[in-house]
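Summary of the model geometry
Below, each chain spelled out in residue letters.
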Amino acid sequence: MQKILILLLLFISYTYAYTTPLQKAINNATAGSTIKLSKGIYKGNITIDKPITIVGKESGVIIQGDKLGSVITITSSSVTLNNLTITDSGDQIISLDAAISMDQVDHCTITRCHILNSLYGIDMKIVSDSYITHNSITSNGDNLSMRGDALKIWYSSRNTISHNTITNSRDITLVFSNDTIFFDNNISHGRHALAMERSKRTYIHNNIFKYNSTGIMIMASDDTDMTNNQILSCQGAAGIGVIIAGDGRLIFDDNIVSFNAKAFYIDTKDFEKGMRRYFHNNTITYNKEAFHFHLSIKNNTIIGNTIVGNLDDVVKDIEGSDTISN
């Protein structure tokens, strides 16, 4: 027993001795307080477990990880990070190493931060009523398929993602997440610029998706509203602007979809019901294919669009399936 007690005391002493100054400041802060940082490099791999604000008083405030694990882990609601550069997460996909990891929190704000040289940018698990705004996010420069997601949002609700510049990351993923507002973002040089799965009531407005392998992928998601977006120059042989699969309502109005191999790839199974897709007043120009339908064509309303300059306006790739014209 005495030996165990000595070992425990040594462990506590060792842990305390190697607590970083920033982590110590967080530990000593009272709930609701603000930690203001001057220009400099602060050691990361910190955990924020209380509602506080950390703000850079000037540019050049860097929170640097040790390339193991996540740089900042947020386990408390009502946390704000403002005007920070966050860099050097670990590189393990299985542990979702990220610049910022948020787990089961709400009413958090990440704003005016620069995230770079990290596997995942922001990993959000069961996060609600939070704001990710005016940030720049890029990945660690590895091969595209080996990068993490710029934003990984899952089982989350009522979050706003706006005015971010995201480049050279893998995907933005939205899985089992509802009531997301996604506007005024610029996403380029990724794989799936935005990939949605089984998410409801998503509002996507005034974003630019350019030079990605796929612009937007919508799978089994309902009540998706997309307006005034630009989906341009998707790269590679696939080069698809918008992939749509599974049932659910989609409104696609006043968007520009141009310079892609396929503007739309729509996968509709004969047995699926409840698909209600409305394409109104879009500009669909200079693609190899405008609308590519897999298996069936049904439950689409396509009205008032400008469809010019495409090599093929409509392609259906499998014969003999039930097709209902609109």
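Residues numbered from 1 in each chain as written. Predicted model: local features only at pLDDT ≥ 70, side-chain atom pairs only at ≥ 80, totals over all residues. Heavy atoms only, no water.

**Regarding the packing of aromatic side chains**
The test is simple: Here is the rule: rings of Phe, Tyr and Trp (six-membered ring for Trp) pair when centre to centre is within 6.5 Å. Planes less than 30 degrees apart are stacked, more than 60 are edge-to-face, and the remainder are tilted. Working definition: helices are DSSP H or I runs of at least four residues, strands are E runs of at least two. Numbering for both runs from the N terminus. Three exposure classes are used, based on accessible area relative to the maximum for each residue type with a 1.4 Å probe and protein chains only: buried under 20%, partly exposed in between, and exposed over 50%. Sitting over a ring, as applied to charges here, requires NZ of Lys or CZ of Arg to be within 6 Å of the ring centre and within 35 degrees of the ring normal.
With the rule as written, the count across this model stands at 10 aromatic pairs. On the numbers, 5.9 Å between centres and 50 degrees between planes, the contact of Phe252 with Phe279 is tilted. Of this pair, Phe252 sits in strand β28 (residues 249–253) while Phe279 sits in strand β31 (residues 276–280), and the two are 27 residues apart along the sequence. Using a relative accessible area of 0% as the deciding quantity, one classes Phe252 as buried. You can call Phe279 buried: its relative accessible area is 0%. Pairing Phe264 with Phe279 gives two aromatic rings, centres 5.2 Å apart and planes at 75 degrees, and the pair type is edge-to-face. Residue Phe264 is found in strand β30 (residues 262–268), and its partner Phe279 is found in strand β31; the two are separated by 15 residues along the sequence. Through pairs of rings, three or more aromatic residues link up here, namely Phe252, Phe264, Phe279, Phe291 and Phe293. Across from the ring centre of Trp154, 5.5 Å away, lies the NZ or CZ of Lys152, which sits over that ring.

**Points about the environment of Leu295**
Relative to the elements of secondary structure, Leu295 occurs in strand β33 (residues 289–295). Since its relative accessible area comes to 16%, Leu295 is described here as buried. The spatial distance from the C-alpha of Leu295 to the C-alpha of Ile318 is 5.2 Å, given a sequence separation of 23 residues.

**Re the sheet that holds strand β23 (residues 208–210)**
Put simply, the rule reads: Strands are treated as partners if at least two bridges between them are detected by DSSP. Here the axes come from fitting lines to C-alpha atoms, over the contacting stretch only for helices, and the angles between their N-to-C directions go from 0 to 180 degrees.
Strand order in this open sheet of 12 strands is β2-β5-β8-β11-β14-β17-β20-β23-β26-β29-β32-β35, and the pairing throughout is parallel. Of all strands in the sheet, those bounded by a partner on one side alone are β2 (40–43) and β35 (306–308). Between one strand axis and the next, the sheet turns by 10 degrees as a mean value, whatever way the strands run. Where strand β11 (residues 114–116) meets strand β14 (residues 136–138), 2 bridges bridge the pair, whose relative direction is parallel. Across the sheet, Ile115 pairs through a bridge with Ile137, a residue of β14.

**Examining the nonpolar core**
What counts is decided by this rule: The set of buried Ala, Val, Leu, Ile, Met, Phe, Trp, Tyr and Cys residues whose side-chain atoms join them within 4.5 Å is what this entry labels a nonpolar core. A contact between two residues is defined here by any heavy atoms of the two lying within 4.5 Å.
Counting residues in each nonpolar core, the largest one holds 64 residues, and the members touching the most others are Ile74, Leu81, Ile100, Met102, Ile122 and Phe264. Tallying contributions element by element places strand β9 (residues 98–106) first for this core, with 4 residues. With residues up to four places along the chain from it excluded, the contact list for Leu81 reads Ile48, Ile54, Ile72, Ile74, Ile100, Thr109, Ile110, Thr111 and Cys113.

**Details of a nonpolar patch on the surface**
Selection rule: The patches reported here contain residues having more than 30% relative accessible area and no salt bridge. Joining distances are 9 Å for like charges and 5 Å for nonpolar side chains (Val, Leu, Ile, Met, Phe, Trp, Tyr). Reported accessibility uses the Shrake-Rupley method at a 1.4 Å probe radius. Residues are deemed covered only where the shown protein chains occlude them. A side-chain nitrogen of Lys or Arg and a carboxyl oxygen of Asp or Glu constitute a salt bridge if their distance falls within 4 Å.
Taken together, Ile126, Tyr155 and Phe176 make up a surface patch of nonpolar side chains, about 290 Å² in accessible area. The topology assignment puts Tyr155 in the loop between β15 (151–154) and β16 (160–162).

**Things to note about the pattern of salt bridges**
Pairing of side chains with opposite charge becomes possible as their charged atoms draw close. One pass over the structure, following the stated rule, counts 9 salt bridges. Across the pair Arg170 and Asp149 runs a salt bridge whose closest N-O atoms are separated by 3.1 Å. Within this pair, whereas Arg170 is found in the loop between β17 (165–167) and β18 (172–175), its partner Asp149 is found in the loop between β14 and β15, the two being separated by 21 residues in sequence. Owing to a relative accessible area of 2%, Asp149 belongs among the buried residues under this scheme. A single salt-bridge network, built from bridges that share partners, covers Asp149, Arg170, Asp171 and Arg191.

**Considerations on helix α2 (residues 21–28)**
In plain terms, the rule: An arc is given here, and it is the one of the directions from the helix axis to the C-beta atoms.
Of all the residues in α2, the buried ones are Leu22, Gln23 and Ile26. Across the axial projection of α2, the buried residues extend over an arc of 100 degrees, all falling on one side. Exposed and oriented more than 90 degrees from the buried face of α2 are Pro21 and Asn28. If you follow the buried residues of α2, they end up packed against β1 (34–37), β2, β3 (46–48), β4 (53–56) and β5 (61–64).

**What to know about the pairing of strand β22 (residues 200–205)**
Sheet topology places strand β19 (residues 181–183) next to β22; 3 bridges connect them, and they run parallel. Along β22, the bridge assignment pairs Phe182 with Ile204. In this sheet, strand β25 (residues 222–227) lies alongside β22 in parallel orientation, the contact comprising 5 bridges. Residue pairing in the sheet places Tyr203 in a bridge with Asp225 of β25.

**Digging into the environment of Gly248**
Mapped onto the elements, Gly248 comes out in the loop between β27 (240–245) and β28. Residue class for Gly248 comes out buried when judged on its relative accessible area of 11%. Measuring from C-alpha to C-alpha, the distance between Gly248 and Ile218 comes to 9.7 Å, with 30 residues separating the pair along the chain.

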